[in-house]
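Residue-level listing of the chains:
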There are 2 protein chains.
Amino acid sequence: MPNPVEFYFDFSSPYAYFAAQQIDRLVEGFGRECVWKPYMLGAAMKNTGAQPLTEYPVKSDYVKNDWARLARFQELNWSMPDKFPFAAIAPSRAFYWIHDQDPAKAKAFAWDCLETYFGKGEDISSKDAVAAIAARQGFAEDEVMAALDDEAIKQRLKDETAAAIDKGVFGSPFFIVDGEGFWGADRLWMVKRWLKSGGW
Amino acid sequence: MPNPVEFYFDFSSPYAYFAAQQIDRLVEGFGRECVWKPYMLGAAMKNTGAQPLTEYPVKSDYVKNDWARLARFQELNWSMPDKFPFAAIAPSRAFYWIHDQDPAKAKAFAWDCLETYFGKGEDISSKDAVAAIAARQGFAEDEVMAALDDEAIKQRLKDETAAAIDKGVFGSPFFIVDGEGFWGADRLWMVKRWLKSGGW
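Residues numbered from 1 in each chain as written. Chains lettered and ligands numbered in written order. Predicted model: local features only at pLDDT ≥ 70, side-chain atom pairs only at ≥ 80, totals over all residues. Heavy atoms only, no water.

Caption draft 1: Quick look at empty space enclosed by the protein. Residue and element names in this part refer to chain B. Tallying each qualifying case throughout the model produces 1 cavity of 30 Å³ or more. One number sums up the size of the largest cavity: a volume of about 30 Å³. In terms of residue count, helix 3 (residues 41-48) provides more of the lining of the largest cavity than any other element does, 3 residues in total. Within the lining of the largest cavity, the residues separate by chemical class into 5 nonpolar, 3 polar and no charged. (1 Å grid on protein atoms, 1.4 Å probe; cavity = no way out; pocket = protein on both sides within 12 Å on 5 of 7 lines; lining within 4 Å. Points joined across faces, edges and corners; volume = space filled by probe spheres on them. Helix = DSSP H or I, 4+ residues; strand = E, 2+ residues; numbered from the N terminus. Nonpolar A, V, L, I, M, F, W, Y, C, P; charged D, E, K, R; others polar.)

If you want it as structure tokens, here you go:
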């Protein structure tokens, strides 16, 4: 069984939304599994010294336009959220809690979060918002709310984030294929080529 | 006659090398002209607060690997220069001096500079090195050396850099098509799509 492809992302990352739409189909076309791994990009940025794209005055206008045209080209809904970026603690914790029960539902939940945030421009930072999205996958809202404050789940997200950083992950989206890293939604063609050729 | 496509770049930028190999053929396929516009990326970075990619510890390893694999995929020579990045004043001044006499030779000179620097890993920062490359386009080395210290040429590069920044250029490569900006060698597919569809 070949290694799964790892898809690292932060729920607050527009380019993760654009990659998430495509990555499973791409990877599965090569008989591989894609594992989604949300993590706290802000923790990685402390290492690289990077700032959110919208913190740079000139780049901010550029990337906002870029997101809108990418959405148009990928036929995705797009609505720039008012609150951007945000610390995606609640959706990330909920993801791992769901994942340990049903990985497929965790992906569906993650996609719903990204679509709700970037497609509709709605808040997904609050526990209430996250519980409502998880409920659409069949989870009881009160159980989700309890999980979000569970110490084991809190630690799980910390551990997943630390593990990602240890592997050299520093952006969103970021893919690892057999130890080789690929940064950015723009690198999907390269992930594809790598899967096809098996390396260099 | 449609507007030319503008290709902004810094001679010290690996991703400019990867884009330069492809951009003319891409643009000319749509009956457009491509105008090459070297500028001083460092001046733009003062505005955006960005640092050279190799200044970030984790990113540095990533991008060096990325450049090598891109070169492999594009069948380009690659040899990481020892002196990197550098302030590309000499090649940029020479470019505009050549351009005013023969735009086609200016492009050939620019490509030769990029290939010498990134393909062979040789220094192109010195006046001597730049004069030697210009000589391969038929220019007398002593005339190139004189031009590099010419006040009008110095001012020309300052003006071109200021004009690029005024247009919102902040990276390398950066393309402008009918007022729409595209940042990165990864955005060539989007430049192509824009030229095909005429916009959104």
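Caption draft 2: Spotlight on a negative patch on the surface. Residue and element names in this part refer to chain A. On the surface, a cluster of negative charge is made up of Asp128, Glu141, Asp142 and Glu143. The dominant element in the negative patch, judged by the number of residues it contributes, is helix 7 (residues 141-148), at 3 residues. Structurally, the position occupied by Glu141 is in helix 7. (Patch = residues over 30% accessible without salt bridge, like charges linked within 9 Å, V, L, I, M, F, W, Y side chains within 5 Å. Areas by Shrake-Rupley, 256 points an atom, 1.4 Å probe, with all protein chains shown as cover. Salt bridge = Lys/Arg side-chain N within 4 Å of Asp/Glu carboxyl O. Lys, Arg positive; Asp, Glu negative; His and termini not counted. Charge placed at Lys NZ, Arg CZ, Asp CG, Glu CD.)

Caption draft 3: Region of the structure containing the interface of chain B and chain A. In this complex, chain B contributes 31 residues to the contact, which on the side of chain A involves 31 residues. Between chain B and chain A, a total of about 3200 Å² is buried, with carbon and sulfur atoms accounting for 63% of that surface. When the area that chain B buries against chain A is broken down by residue, the three leading residues are B:Tyr62, B:Phe73 and B:Trp200, summing to 24%. Taken together, the links from chain B to chain A amount to 6 salt bridges. Of the charged contacts, one joins B:Arg187 and A:Asp186 as a salt bridge, the two residues approaching to 2.4 Å between their closest N and O atoms. For the side of chain B that touches chain A, the secondary structure elements donating two or more residues are helix 3, helix 4 (57-73), strand 4 (180-183) and helix 10 (188-197) of chain B. The residue inventory of the side of chain B that touches chain A, partitioned by class, reads 17 nonpolar, 6 polar and 8 charged. (Contact = heavy atoms within 4.5 Å. Buried area = accessible area lost by both parts, 1.4 Å probe.)

Caption draft 4: Structural view of the relation of the copies chain B and chain A. Superposing chain B onto chain A takes a rotation of 180° plus a shift of 0.0 Å along the axis, which leaves an RMSD of 0.0 Å. Such values leave the two copies arranged in the relation of a two-fold axis. Judged by C-alpha distance, B:Asp186 is the residue of chain B that lies nearest the rotation axis, at 3.0 Å. (Least-squares fit on C-alpha atoms with pLDDT ≥ 70 in both.)

Caption draft 5: Representation of the packing of helix 6 (residues 103-119) of chain B against helix 7 (residues 127-135) of chain B. Residues and elements named next belong to chain B. Relative orientation of the contacting elements helix 6 and helix 7 amounts to 125°, with a least axis distance of 9 Å. When the interaxial angle is binned, helix 6 and helix 7 end up oblique. The interaxial crossing formed by helix 6 with helix 7 has right-handed handedness. Contact with helix 6, carried on its side by Phe109, Asp112, Cys113 and Thr116, involves Val130, Ile133 and Ala134 of helix 7 and no other residues of that element. For the contact of helix 6 with helix 7, the class distribution of residues is 5 nonpolar, 1 polar and 1 charged. (Axes fitted to C-alpha atoms, helices over the stretch in contact; angles between N-to-C directions. Parallel < 35°, antiparallel > 145°, perpendicular 65-115°, else oblique. Left-handed = near helix turned anticlockwise from the far one by under 90°.)

Caption draft 6: Region of interest: the side chain of B:Ser13. Residue position: B:Ser13 is located in the loop between strand 1 (5-9) and helix 1 (14-20). Discounting chain neighbours no more than four positions away, the residues touching B:Ser13 are B:Phe118, B:Ser172 and B:Pro173.

Caption draft 7: Spatial organisation of the state of the cysteines. Going through the model one piece at a time under the given rule, you end up with 0 disulfides over all chains. Take A:Cys34: it sits in no disulfide, and the sulfur closest to it among the cysteines is that of A:Cys113, at 17 Å. (Disulfide = S-S within 2.5 Å.)

Caption draft 8: Expanded view of the sheet that holds strand 2 (residues 34-38) of chain A. Residue and element names in this part refer to chain A. Read from one edge to the other, the open sheet built from 4 strands follows the order 2-1-3-4, with strand pairing classed as mixed. The sheet is open, and its two edges are formed by strand 2 and strand 4 (180-183), each paired on a single side. Neighbouring strand axes in the sheet, compared pairwise and without regard to direction, differ in orientation by 20° on average. Looking at chain direction, strand 1 (residues 5-9) and strand 3 (residues 174-177) are connected through 3 bridges and run antiparallel. Directly across from Phe7, in strand 3, lies its bridge partner Phe175. (Pairing = 2+ DSSP bridges.)

Caption draft 9: Seen up close, the sheet that holds strand 1 of chain B. Residues and elements named next belong to chain B. The strand order across the open sheet formed by 4 strands is 2-1-3-4, and the pairing between neighbours is mixed. Strand pairing shows two members of the sheet lacking a second neighbour, strand 2 (34-38) and strand 4, which therefore form its edges. Between one strand axis and the next, the sheet turns by 20° as a mean value, whatever way the strands run. As defined by bridge partners, strand 1 adjoins strand 2 across 5 bridges and the pair is classed as parallel. The residue of strand 2 that forms the bridge with Phe9 is Pro38.

Caption draft 10: Quick look at the packing of helix 4 (residues 89-99) of chain A against helix 5 (residues 103-119) of chain A. All names here are of chain A. Close contact between helix 4 and helix 5 brings their axes to 7 Å; oriented N to C, the two are set at 160°. Considered as vectors, helix 4 and helix 5 are oriented roughly antiparallel to each other. Along the contact surface, helix 4 presents Pro91, Ala94, Phe95, Ile98 and His99, while helix 5 presents Pro103, Lys105, Ala106, Lys107, Phe109, Ala110 and Cys113.

Caption draft 11: Up close: the nonpolar core. Formed by 140 residues in total, the largest nonpolar core has its most connected members in A:Phe11 and B:Phe11. The leading source of residues in this core is helix 1 (residues 14-28) of chain A, at 9 residues. Each residue touching A:Phe11, except ones within four places of it in the same chain, is listed here: A:Pro38, A:Phe86, A:Ala88, A:Pro91, A:Ser92, A:Phe95, A:Ala110, A:Cys113, A:Leu114, A:Tyr117, A:Phe118 and A:Ile124. (Core = buried A, V, L, I, M, F, W, Y, C linked by side-chain atoms within 4.5 Å. Buried < 20%, exposed > 50% of the residue type's maximum accessible area, 1.4 Å probe, protein only.)

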